[in-house]
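Observations on the model geometry
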Amino acid sequence: MIKVENKFSNRMVAYYFDASFSFIDTLADKHNCILLTDKNIAELYQSKFSSYKTIVIEAGEAFKQQYTVDTIIQQLIELGADRKTTLVGIGGGVVTDITGYVASVYMRGIDFAFVPTTILAMVDAAIGGKNGIDVGVYKNMVGTINQPKYLLYDFSFLETLPNEQWINGFAEIIKHACIKDALLFQELENNTLDVYKTNKDVLVDLIKKNATLKTDVVVKDEYETSERKLLNFGHTFGHAIENLYQLPHGHAISIGMVIAAKISEEINNLYSDEKERLTQLLQKYGLPIQLNFDKEKVLSILKMDKKRVKEEIDFILLNNIGEAVIMPISLTQVEDLVNQIL
Ligand code: GLY
């Protein structure tokens, strides 16, 4: 096991890489621990969780809504959770988002921690402290920024991860490479998903690299006033189509990255062969690169985007592979671009 401590503005967060799930017993007294997971994970890992108080929610983004928060809070009260309780979210991004949110508001805030079980949660969703819920189709409309006490990476959870969830996670890995790491992009071009699925050392190295990349960006700008915005590459259109068409997050982000690359080519001089490299890499990892969407509906969702300030949205565009830039674009120009290039 390797322990890495990262200093965020309000707390130090310990990352335990290559740890075993049972290590959570050394991090908090079992009696002060409540697990929160979803039905899929609860069914697969019943025996691991049997000696803990456990709250189980429905699996999937559709349930990342206020009514799920209400049922969790009710169960926390019934289980006698108090200010000494640590709520440990075990699962993918929906579980980690909702765990962080509930823990941040229950009794005005209790400790929480994450055991991410998907690639996407390991490299992205469990890191950074943003947590929250959707409101109808509006993604992450309500939430807080609050850091967990620790992240525990037990890679054995990946043994049961369905193939489509592996693919989903690689969208965020490709995003990291696009905005910050041209060498990582090349590594991904030279490998295949199968290489990562079958070679634990290569995979662990990739996960650590990506967890570190995201952490470094967040530590520099936790409250997203500047650099952290780069992590939104592909997410403006991605979030707009995700709930509207019930797409897996990685698929939505993949299509969003292609749109952002097209806009980068149009107004930021991104070379067309760099855009091609991106679409080829996304396809190589099984991700979709286009969707026939209802432009009017998507534009109306964009108008509600959290990144909108007055009539402008901060778009993340590429200068080239490995380097991104924040560019405010007016809603009118977004509309023109959508009609012109999509
Ligand atoms: N929880 C994901 C993030 O903070 O970006």
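Presented here is a report on the structure given in the accompanying data block.

Thresholds applied
- Numbers given to residues run from 1 along each chain, matching the order in which its sequence is written.
- Note on the predicted model: pLDDT of at least 70 is required for a residue's local features to be given, and 80 or more for side-chain atom pairs to be given and counted; whole-chain, interface and lining totals, by contrast, use all residues.
- Only hydrogens and water are set aside when side-chain values are computed; all heavy atoms of the structure are taken into account.
- Secondary structure elements follow DSSP: runs of H or I of four or more residues count as helices, runs of E of two or more count as strands, with numbering from the N terminus.
- Burial status follows relative accessibility: with a 1.4 Å probe on protein chains alone, a residue under 20% of its type maximum counts as buried, one over 50% as exposed, and anything between as partly exposed.
- Residues adjacent in sequence count toward polar contacts only when both atoms are side-chain atoms; beyond that, a polar contact is any pair of N or O atoms within 3.5 Å, and within protein one must be able to donate a hydrogen and the other to accept it.
- Residue contacts are counted whenever heavy atoms from the two residues lie within 4.5 Å of one another.
- Here a residue is near a molecule or strand as soon as one of its heavy atoms is found within 4 Å of it.
- Accessible surface area values rest on a Shrake-Rupley calculation with a 1.4 Å probe, where residue burial reflects the displayed protein chains alone.
- For this classification, Asp, Glu, Lys and Arg are treated as charged, while Ala, Val, Leu, Ile, Met, Phe, Trp, Tyr, Cys and Pro are nonpolar and the rest, including Gly, are polar.
- Angles here are taken between N-to-C directions and fall from 0 to 180 degrees, while the axes themselves are lines fitted to C-alpha atoms, restricted in helices to the stretch in contact.
- In what follows, roughly perpendicular refers to angles from 65 to 115 degrees, roughly parallel to angles under 35, roughly antiparallel to angles over 145, and oblique to any angle outside these ranges.
- By definition, any crossing whose near helix is turned counterclockwise from its far helix by less than a right angle is left-handed, and any crossing with a clockwise turn is right-handed.
- Just to be clear on terms, a salt bridge is a Lys or Arg side-chain nitrogen sitting within 4 Å of an Asp or Glu carboxyl oxygen.
- Should DSSP find at least two bridges between two strands, the strands are taken to pair.

With respect to the side chain of Thr-68
- Relative to the elements of secondary structure, Thr-68 occurs in helix H4 (residues 66–78).
- For Thr-68, a relative accessible area of 5% gives the class buried.
- Among the polar contacts listed, one links the side chain of Thr-68 to the backbone oxygen of Phe-63, at a separation of 2.5 Å.
- The residues contacting Thr-68, other than those within four sequence positions of it, are Ile-57, Phe-63 and Ile-98.

A few points about the site of the ligand
- Contacts to the ligand come from Asp-124, Ala-125, Ile-127, Gly-128, Gly-129, Lys-130, Lys-214 and Arg-228.
- One nitrogen or oxygen atom from the main chain of Ile-127 is found 3.2 Å from an oxygen atom belonging to the ligand.
- At 3.3 Å from an oxygen atom of the ligand is found a main-chain nitrogen or oxygen belonging to Gly-129.
- Its free accessible area being 200 Å², the ligand has 88% of it covered by the protein chains.
- Residue classes in the shell around the ligand are distributed as 2 nonpolar, 2 polar and 4 charged.

Concerning the packing of helix H8 (residues 182–190) against helix H13 (residues 272–284)
- At a closest axis distance of 10 Å, the pairing of H8 and H13 adopts a crossing angle of 50 degrees. Of the possible angle classes, the one that applies to H8 and H13 is oblique. In terms of crossing hand, the pair formed by H8 and H13 is left-handed. Residues Phe-185, Gln-186, Leu-188, Glu-189 and Asn-190 of H8 form the contact with H13, whose participating residues are Arg-277, Leu-278, Leu-281 and Lys-284.
- The residue inventory of the contact of H8 with H13, partitioned by class, reads 4 nonpolar, 2 polar and 3 charged.

Details of the pattern of salt bridges
- One pass over the full model with this rule turns up 22 salt bridges.
- Across the salt bridge formed by Arg-277 and Glu-274, the nearest N and O atoms sit 3.3 Å from each other. Remark: Glu-274 and Arg-277 occur in helix H13; sequence separation between them is 3 residues, near one turn of the helix.
- Assessed through its relative accessible area of 25%, Arg-277 is described here as partly exposed.
- A single network of salt bridges, built from pairs that share partners, joins Glu-61, Lys-64, Asp-97, Asp-134, Lys-139 and Glu-242.

So, the sheet that holds strand E10 (residues 308–309)
- In spatial order, the strands read E10-E11-E12; together these 3 strands make up an open sheet with antiparallel pairing. In the strand order of this sheet, the two ends are held by E10 and strand E12 (323–330), each with one partner.
- Sheet analysis places E10 next to strand E11 (residues 312–320), joined by 2 bridges and oriented antiparallel. Across the sheet, the residue bridging to Val-309 is Glu-312, located in E11.

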